[in-house]
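Here are the chains, one letter per residue:
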Amino acid sequence: MKILSYILSPIFVVVYFLFLIIFHPLQWLALNIFNQKTQGKVVDVLNFFLVKAMLILGISVRLKNEHKIPENTSIVFVSNHQSTFDVAPLGWFFRKHYPKFVAKKELGKGLPSVSFNLKHGGAALIDRKDPKQAIGALIEYSKRIKANKWAAVIFPEGTRSRNGKPKRFATNGLKVISKFNKEGYVVPVTINNSWKVFKYGKFPLGLGSPITIEAHKPIKINSLPFDELMEQTESVIKEHIK
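Below is a summary of the structure that appears in this document.

Criteria and cut-off values
For every chain, the first residue of its written sequence is number 1, and the numbers climb from 1 along that sequence. Residue-level local features of this predicted model are given only where pLDDT is at least 70; pairs of side-chain atoms are given and counted only at 80 or more, and the full residue set underlies all totals for whole chains, interfaces and linings. Where side-chain values are given, they derive from all heavy atoms of the structure, hydrogens and water being excluded. In this text, helices come from DSSP runs of H or I with a minimum length of four residues, and strands from runs of E with a minimum of two, each type numbered from the N-terminal end. Relative accessibility under 20% of the residue-type maximum defines a buried residue, over 50% an exposed one, and the middle range a partly exposed one, all with a 1.4 Å probe and only protein chains included. Here a residue-residue contact requires only that any non-hydrogen atoms of the pair lie within 4.5 Å. The charged-residue count follows a simple rule in which Lys and Arg add positive charge and Asp and Glu add negative charge, with His and chain termini not counted at all. Note on charges: their place is set at NZ of Lys, CZ of Arg, CG of Asp or CD of Glu. One fewer than the residue count of a helix, multiplied by 1.5 Å, yields its expected span. Here a polar contact means two N or O atoms within 3.5 Å. Within protein one must be a hydrogen donor candidate and the other an acceptor candidate, and residues neighboring in sequence count only if both atoms are side-chain atoms. Between the N-to-C directions of two axes lies an angle of 0 to 180 degrees, each axis being a line fitted to C-alpha atoms and, for a helix, fitted only over the stretch in contact. Throughout, the term roughly parallel applies to angles under 35 degrees, roughly antiparallel to angles over 145, roughly perpendicular to angles from 65 to 115, and oblique to all others. It is the rotation of the near helix from the far one that decides the hand of a crossing: anticlockwise by less than a right angle makes it left-handed, clockwise makes it right-handed. Basically, the charged four are Asp, Glu, Lys and Arg, the nonpolar ten are Ala, Val, Leu, Ile, Met, Phe, Trp, Tyr, Cys and Pro, and anything else, Gly included, counts as polar. Each salt bridge in this description consists of a side-chain nitrogen of Lys or Arg and a carboxyl oxygen of Asp or Glu lying within 4 Å of one another. Residues enter a patch when their relative accessible area is above 30% and they make no salt bridge; the linking distance is 9 Å between like charges and 5 Å between nonpolar side chains (Val, Leu, Ile, Met, Phe, Trp, Tyr). Computed by Shrake-Rupley with a 1.4 Å probe, the accessible areas treat only the displayed protein chains as cover when residues are assessed. Definition of nonpolar core: a set of buried residues of the types Ala, Val, Leu, Ile, Met, Phe, Trp, Tyr and Cys, connected through side-chain atoms within 4.5 Å.

As for the overall build of the protein
And step 1. Looking only at helices and strands, the protein has 7 helices and 8 strands in total.
And step 2. Once the C-alpha set of the protein is aligned to its principal axes, its extents read approximately 50 × 45 × 35 Å.
And step 3. Within the protein, the proportion of its 242 residues that are buried is 48%.
And step 4. Residue pairs in contact within the protein that sit at least 24 positions apart in sequence constitute 74% of those at least 6 positions apart.
And step 5. Computed over 36 positive and 16 negative side-chain charges, the separation of the two mean positions in the protein equals 6 Å.

Comments concerning helix α6 (residues 172-180)
And step 1. Among all positions in α6, only Gly-173, Leu-174, Val-176, Ile-177 and Ser-178 are buried.
And step 2. Residues of α6 that are buried make contact with β2 (75-79), β3 (99-104), α5 (131-148), β5 (151-154), β6 (185-192) and α7 (226-239).

Regarding helix α2 (residues 36-53)
And step 1. Compared with the 26 Å implied by 1.5 Å per residue over 18 residues, the 25 Å span of α2 between its first and last C-alpha is a close match.
And step 2. Along its buried surface, α2 packs onto α1 (2-34), β1 (61-65), α3 (87-93) and α4 (114-120).
And step 3. One side-chain oxygen at the N-terminal end of α2 lies 3.2 Å from the backbone nitrogen of Lys-37; it belongs to Asn-35.

Side note on the packing of α6 against α7
And step 1. Contact geometry of α6 with α7 gives a least axis separation of 11 Å together with a crossing angle of 125 degrees. In this view, α6 runs oblique relative to α7, as classed from their interaxial angle. At the point where α6 passes α7, the crossing takes the right-handed sense. Contacts from Leu-174, Lys-175 and Ser-178 of α6 reach α7 at Phe-226, Leu-229 and Met-230.
And step 2. Counted by class, the contact of α6 with α7 contains 4 nonpolar, 1 polar and 1 charged residues.

Quick word on the pattern of salt bridges
Pairing between side chains becomes possible if they bear opposite charge and their charged atoms approach one another.
And step 1. Considering all chains together, one arrives at 5 salt bridges under this definition.
And step 2. Close ionic contact of Asp-127 with Lys-105 constitutes a salt bridge, the shortest N to O distance being 3.3 Å. Pair noted here: Asp-127 is in the loop between β4 (124-126) and α5 and Lys-105 is in the loop between β3 and α4, with a separation of 22 residues, a long-range link.
And step 3. Taking the relative accessible area as the measure of exposure, Asp-127 reaches 13% and is therefore buried.
And step 4. Of the charged contacts in the structure, one is a salt bridge between Glu-234 and Lys-238, with a shortest N-O distance of 2.5 Å. Residue Glu-234 and its partner Lys-238 are located together in helix α7, separated by 4 residues, close to a single helical turn.

Some points on the side chain of Ser-113
And step 1. Note on placement: Ser-113 falls in the loop between β3 and α4.
And step 2. Beyond its immediate sequence surroundings of up to four residues, Ser-113 is in contact with Phe-19, Leu-20, Phe-23, His-24, Gln-27 and Leu-46.

As for a positive patch on the surface
And step 1. Among the surface-exposed residues, Lys-104, Arg-128, Arg-162, Lys-167 and Lys-202 lie close enough to one another that they form a single positively charged patch.
And step 2. Relative to the helices and strands, Lys-104 resides in strand β3.
And step 3. Among the residues examined, Lys-104 registers a relative accessible area of 31% and is labelled partly exposed.

What to know about the nonpolar core
And step 1. Of all hydrophobic cores here, the largest spans 37 residues; its most connected members are Phe-12, Met-54, Leu-57, Phe-77, Leu-90, Val-189 and Val-197.
And step 2. In terms of residues, this core owes the most to one element, α1, which gives 7 residues.
And step 3. Each residue touching Val-197, except ones within four places of it in the same chain, is listed here: Met-54, Leu-57, Ile-59, Phe-85, Leu-205, Gly-206 and Ile-211.
And step 4. Counting residues in each nonpolar core, the second largest holds 25 residues, with Ala-137, Tyr-141, Val-186 and Met-230 among its members.

A few points about a nonpolar patch on the surface
And step 1. A cluster of nonpolar side chains, contributed by Leu-18, Ile-22, Leu-26, Trp-28, Leu-29, Ile-33 and Phe-34, occupies part of the molecular surface with about 690 Å² of accessible area.
And step 2. Tracing the chain through its elements places Trp-28 in helix α1.

A few points about the side chain of Asp-86
And step 1. On the secondary structure map, Asp-86 appears in the loop between β2 and α3.
And step 2. A polar atom in the side chain of Asp-86 sits 3.0 Å from the backbone nitrogen of Ser-83.
And step 3. Once you skip the residues sitting within four places of it in the chain, Asp-86 turns out to touch Asn-80, His-81, Phe-155, Ile-191 and Ser-194.

Don't take any of this as a statement about function, it's just geometry.
Right, here's the structure in full:
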């Protein structure tokens, strides 16, 4: 299996980055000729192709959702974080809610398509070393989420879990978002197996471990004190990590 991964990994990397390169100017055209909503539609198509590219590695990505996610209100998707390949599936599967990510500011430059979308698509780019900047960026982001009835996407672990075991959830980001979106809903999300793409390290990539994304029952933000909301959200996410 590992020998095969040495063959398939370069093919996947070339295809994956080719999509990122192709869709970068398409995003620019969509934003500058039309508007941010059109640019978001281009990102949706990009996410579709990025998810399907995983099939080169024999990896399918499946969403499990037994609950109706409210519409026409702000949503906060709170998820564990296992790899860089968590982002495109979340963007694709929850596209009708217009998901906007909280990301470290370093991702705002240098990456085709990804950096452009983070800078111009409504995301929050935060400096982990500058709490004042991070809080300010989160406040503006939270207001955009509320005004546009978008979905926020946040990984409270902050960094990826490289072995699938969840890290401690930080509260600050979700606390700020919740403060400005009290009428919205938190949707806990559990991701399984995406860490296995990097089980050998950065290269070669792991093959054939299906990634599952499970959306849990939405929780009205103002239905619980924040500490209880955070505890319940973290608990349901972690208890479904396999």
